[in-house]
Amino acid sequence: MISQTELINRWQGLVTELADVKLLAVSKYTTDELVQIVMDAGQMNFGESRPQSLRDRCQQWPECHWHMIGPLQKNKAKYIGRHAAMWHSCDDIETAQAVAQHVAGRELPVLIQVNIADNQNQRGVAQHEAGALADAINGIEGLKLEGLMGMAPREGDVRQAFRNLRGLRDNLFGGSFAELCMGMSSDYKIAVEEGATIVRLGSTLFASR
Ligand SMILES: *Cc1c(COP(=O)(O)O)cnc(C)c1O
């Protein structure tokens, strides 16, 4: 396991490197102990990919912001409506309606996940479908559409995929103010160069090397 000193050094290095770009610490594979260490160092935003884990950690650490980044089934919508600080992986109108029923008076920030990998197996709406989903989400009370999220292909032109997502964000939101959540451990430097406002980092922060 990574030592406390090494973890804090890595976190500090990333915070400095990322400057204005928001760091989402993806804690889905990580122990409570390591989560607590980066939290004590000052990290506030965490990403989880399973609804129950997000709920559990949100109840354990309600002072932090818990972001949903994984696939969501309708029967788990309540965990996200109640507990998520932001839902990054919205790609379906019916699930969005289900989540909205559980937000209890607040407005949940939502990103549309767009498939920018040119790979049918990847999650997210096709690029040409993002506008229609955006219109639909804008019509749902309790949700607040704030931008787009995407994952680059494992092989192929990563930079071009990020450029496509940025272009789509600029088109749909009329400029560059909305969130652009892209970049993981292997490709976040490219994502930042291409205009990411949020990066999602798991292994480069928490994993032993
Ligand atoms: C797990 C996960 C990440 C973090 O991946 P790393 O390569 O460990 O940084 C980012 N985004 C999503 C959607 C994930 O599921």
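Please read these numbers as outputs of a predicted model, since none were measured by experiment. (Residues numbered from 1 in each chain as written. Predicted model: local features only at pLDDT ≥ 70, side-chain atom pairs only at ≥ 80, totals over all residues. Heavy atoms only, no water.)

J.: Can you explain the packing of aromatic side chains? Please cite residues and give values.
T.: Two aromatic rings, taken as a pair, are described by how far apart their centres are and by the angle between their planes. The full count for this structure, using the stated rule, is two aromatic pairs. Pairing Phe46 with Trp66 gives two aromatic rings, centres 4.9 Å apart and planes at 20°, and the pair type is stacked. Here Phe46, found in strand 2 (residues 45-48), pairs with Trp66, found in strand 3 (residues 65-68); they are 20 residues apart in sequence, far enough to count as distant. Take Phe46: its relative accessible area is 0%, and that puts it in the buried class. For the pair Trp61 and Trp66, a centre-to-centre distance of 6.0 Å together with 20° between the ring planes defines the contact as stacked. Trp66 carries the same exposure label as Trp61, and that label is buried. Ring pairing ties together the aromatic residues Phe46, Trp61 and Trp66, which thus form one cluster. Here Lys78 stacks its cationic end above the ring of Tyr79, 5.0 Å away from the centre of that ring. (Phe/Tyr/Trp six-rings, centres within 6.5 Å; stacked < 30°, edge-to-face > 60°. Helix = DSSP H or I, 4+ residues; strand = E, 2+ residues; numbered from the N terminus. Buried < 20%, exposed > 50% of the residue type's maximum accessible area, 1.4 Å probe, protein only. Lys NZ or Arg CZ within 6 Å of the ring centre and 35° of its normal.)

J.: Explain the environment of Glu193 to me, and be specific about the residues and the numbers.
T.: As for its placement among the helices and strands, Glu193 is situated in helix 8 (residues 188-193). Remark: the alpha-carbon pair of Glu193 and Gly183, spanning 10 residues in sequence, is separated by 10 Å.

J.: Help me get a handle on the pairing of strand 4 (residues 86-90), residues and values and all.
T.: With five of its five residues buried, strand 4 lies for the most part within the structure. Where strand 3 meets strand 4, two bridges bridge the pair, whose relative direction is parallel. For Met68, the partnering residue across the bridge sits in strand 4 and is Trp87. Between the parallel elements strand 3 and strand 4, the chain passes through helix 4 (residues 77-83) in a crossover that is right-handed. Where strand 4 meets strand 5 (residues 108-114), two bridges bridge the pair, whose relative direction is parallel. Each bridged residue has a counterpart across the sheet, and for Trp87 the counterpart in strand 5 is Val110. Remark: the strand 4/helix 5 (residues 93-100)/strand 5 crossover connection has right-handed handedness. (Pairing = 2+ DSSP bridges. Right-handed = clockwise from strand over helix to strand, strands pointing away.)

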